[in-house]
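# Report on the structure
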Amino acid sequence: MSSVTVRVPAKVNVQLSVGPLREDGYHDLVNVFHAVSIFDEVVAKESDSITVQINGKWADQVPTDDNNLAIQAARALAKHAGRSYGADLVIQKDIPVAGGMAGGSADAAGALVACNELWGLGLPPEDLMEIAGDLGSDVPFSLLGGTAVGTGRGEQLSELPTGGTFHWVFAPANGGLSTASVYGECDRLREVSGAQVPWPQLNDSLMEALGTGDAYALGSNLSNDLQTAALTLRPSLASTLDAGRQHGALGAIVSGSGPTCAFLAIDATHARDLAQSLTATGAAHTAVAAHGPVHGATLI
Ligand code: C5P
């Protein structure tokens, strides 16, 4: 096989509950991931070394050196297989960069699935999941997709059945936010407030809304413990969220560590109208309608 293509979705967190800071610098989470129909495509081609090329409107914001998560993923897979394989990775990026939608994690997951196929390794999903967890907290979910609860750092996943399709609008911001700095700001704000940080708990009403496919109930149960920190670092997001609510969004939330804003719509038509209103009024410079849940990293 000389070339393999994998499609990988973005994610939004419909619940992101952040526990106290751990000694290893991470936080224990209850992280309800939901994969949505904004995709990166990772093509892996036979080569002597491991390289990456990025295409698309976000290309100039993605590193192509050792900091690139897809390169790290291909190297980790080769190491796991005990051989010095090569692959030229070409990534078509549609997922916002540093946007809180797991774009880097998606590319890592795509590289794992693509190189597993290109190199004929035939590793089972459990092995890929283990390598994924070492690459980043969100990479295992990018492999799995659908809707799932992540505990631990977010890498220990249990799949959640959902009772229907949910329709969303995503408004990426100009300029990303670093995940580590948003968690750091969350810790700082908590320290200033002096309040005890509770152990994260799964929201039962949210589970029920997902299970029955009730968009109204899901909208009123969306929550993100990183949102206050993201809004402190990027105050302009507050007016974007407000505009979405005014245009009838059932829920408006910062996606993960942000700065992308996520709006839950009533149906596909409402999502299209909402995206149009957000851009027409200048509340967002771009807005994309999408749906979820969708499959994780998939060979095409
Ligand atoms: O795992 P990943 O490399 O994606 O995490 C990026 C950063 O986000 C970590 O270095 C850490 O600062 C923060 N993080 C955290 N707790 C988690 C996941 C991420 O503090 N559960």
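Read on for a plain summary of the structure. Since we're looking at a predicted model, the values are computed, not measured.

## What to know about the sheet that holds strand β9 (residues 251-254)
With antiparallel pairing, four strands are arranged side by side in an open sheet as β9-β10-β7-β11. A single partner strand is all that each edge strand has here, and the edge strands are β9 and β11 (288-292). Strand-to-strand, the axes of this sheet are offset by a mean angle of 30 degrees, without reference to chain direction. Across the sheet, helix α9 (residues 237-246) is in contact with β7 (166-171), β9 and β10 (261-265); its angle to β10 comes to roughly 10 degrees.

## Quick word on helix α1 (residues 69-81)
Here α1 spans 18 Å end to end across 13 residues, near enough to the 18 Å set by a 1.5 Å rise per residue. Of the positions making up α1, those classed as buried are A70, I71, A73, A74, L77 and A78. Projection of α1 onto a plane perpendicular to its axis shows the buried side chains occupying an angular sector of 160 degrees, all on one side. The inward-facing, buried residues of α1 abut β3 (50-55), β4 (87-92), α2 (103-118) and α3 (125-135). N-capping of α1 is provided by N68, with a side-chain oxygen placed 2.8 Å from the backbone N of A70. Within two residues after α1, G82 carries a phi angle of roughly 75 degrees, on the positive side.

## Structural notes on the state of the cysteines
Cysteine pairs can be covalently joined through their sulfur atoms, and such a bond is termed a disulfide. According to the stated counting rule, one finds zero disulfides in the structure shown. Unpaired in terms of disulfides, C261 finds its nearest cysteine sulfur in C186, a separation of 17 Å.

## Describing the packing of aromatic side chains
If you walk through the whole model with that rule in mind, you get three aromatic pairs. Ring geometry for Y85 versus W119: centroids 4.7 Å apart, planes at 10 degrees, classification stacked. On the criterion of sequence distance, the pair formed by Y85 in the loop between α1 and β4 and W119 in the loop between α2 and α3 is long-range, its members being 34 residues apart. For the residue pair Y85 and W119, the accessibility class agrees, reading buried in each case.

## A closer look at the site of the ligand
Surveying the vicinity of the ligand reveals the residues G25, Y26, H27, L29, G136, S137, R153, T179, A180 and Y183. For the ligand, a nitrogen atom lies 3.0 Å from a polar atom in the backbone of R153. Burial of the ligand by the protein chains amounts to 75% of its free accessible area of 450 Å². With respect to the pocket detection grid, the ligand is positioned in the largest pocket. Listed by contribution, the elements that provide at least two residues to the shell around the ligand are β2 (27-46) and α5 (179-193). For the shell around the ligand, the residue count by class is four nonpolar, five polar and one charged.

## A closer look at the packing of α1 against α3
Relative to each other, α1 and α3 sit at 130 degrees, their axes nearing to 10 Å. The orientation of α1 relative to α3 falls into the category oblique. Between α1 and α3 lies a crossing of right-handed hand. Residues L69, Q72, A73, A76, L77 and H80 of α1 touch α3, and the partners they reach there are D127, L128, I131 and L135. Class assignment of the residues belonging to the contact of α1 with α3 gives a composition of seven nonpolar, two polar and one charged.

## Structural notes on unusual backbone geometry
A cis amide bond links G258 to the next residue, P259, at an omega of 10 degrees. Summarising the element assignment, P259 is placed in the loop between β9 and β10. Following G292, the chain continues to P293 via a peptide bond in cis, the omega torsion being 0 degrees. Tracing the backbone shows P293 in the loop between β11 and β12 (298-299). The backbone of A98 sits at a positive phi, close to 50 degrees, despite the residue not being glycine. Relative to the assigned elements, A98 resides in the loop between β4 and α2. At A102, a residue that is not glycine, the phi angle is positive and equals roughly 65 degrees. Along the chain, A102 falls in the loop between β4 and α2. According to the relative accessible area criterion, A102 is buried, its value standing at 10%.

## Here we look at the pattern of salt bridges
Under the criterion given, the structure shown has eight salt bridges. Ionic pairing is found between D66 and R75, a salt bridge with its closest N-O pair at 3.2 Å. For D66, a relative accessible area of 49% puts it in the partly exposed group. We classify R75 as partly exposed; its relative accessible area is 37%. Residues participating in the shared-partner salt-bridge network are R22, D24 and D28.

Cut-off values and rules
Residues numbered from 1 in each chain as written. Predicted model: local features only at pLDDT ≥ 70, side-chain atom pairs only at ≥ 80, totals over all residues. Heavy atoms only, no water. Pairing = 2+ DSSP bridges. Helix = DSSP H or I, 4+ residues; strand = E, 2+ residues; numbered from the N terminus. Axes fitted to C-alpha atoms, helices over the stretch in contact; angles between N-to-C directions. Contact = heavy atoms within 4.5 Å. Expected span 1.5 Å × (residues − 1). Buried < 20%, exposed > 50% of the residue type's maximum accessible area, 1.4 Å probe, protein only. Arc of directions from axis to C-beta. Polar contact = N/O pair within 3.5 Å; in protein donor to acceptor, adjacent residues only side chain to side chain. Disulfide = S-S within 2.5 Å. Phe/Tyr/Trp six-rings, centres within 6.5 Å; stacked < 30°, edge-to-face > 60°. Near = heavy atom within 4 Å. Areas by Shrake-Rupley, 256 points an atom, 1.4 Å probe, with all protein chains shown as cover. 1 Å grid on protein atoms, 1.4 Å probe; cavity = no way out; pocket = protein on both sides within 12 Å on 5 of 7 lines; lining within 4 Å. Sits in = over half its atoms within 2 Å of the grid points. Nonpolar A, V, L, I, M, F, W, Y, C, P; charged D, E, K, R; others polar. Parallel < 35°, antiparallel > 145°, perpendicular 65-115°, else oblique. Left-handed = near helix turned anticlockwise from the far one by under 90°. Salt bridge = Lys/Arg side-chain N within 4 Å of Asp/Glu carboxyl O.

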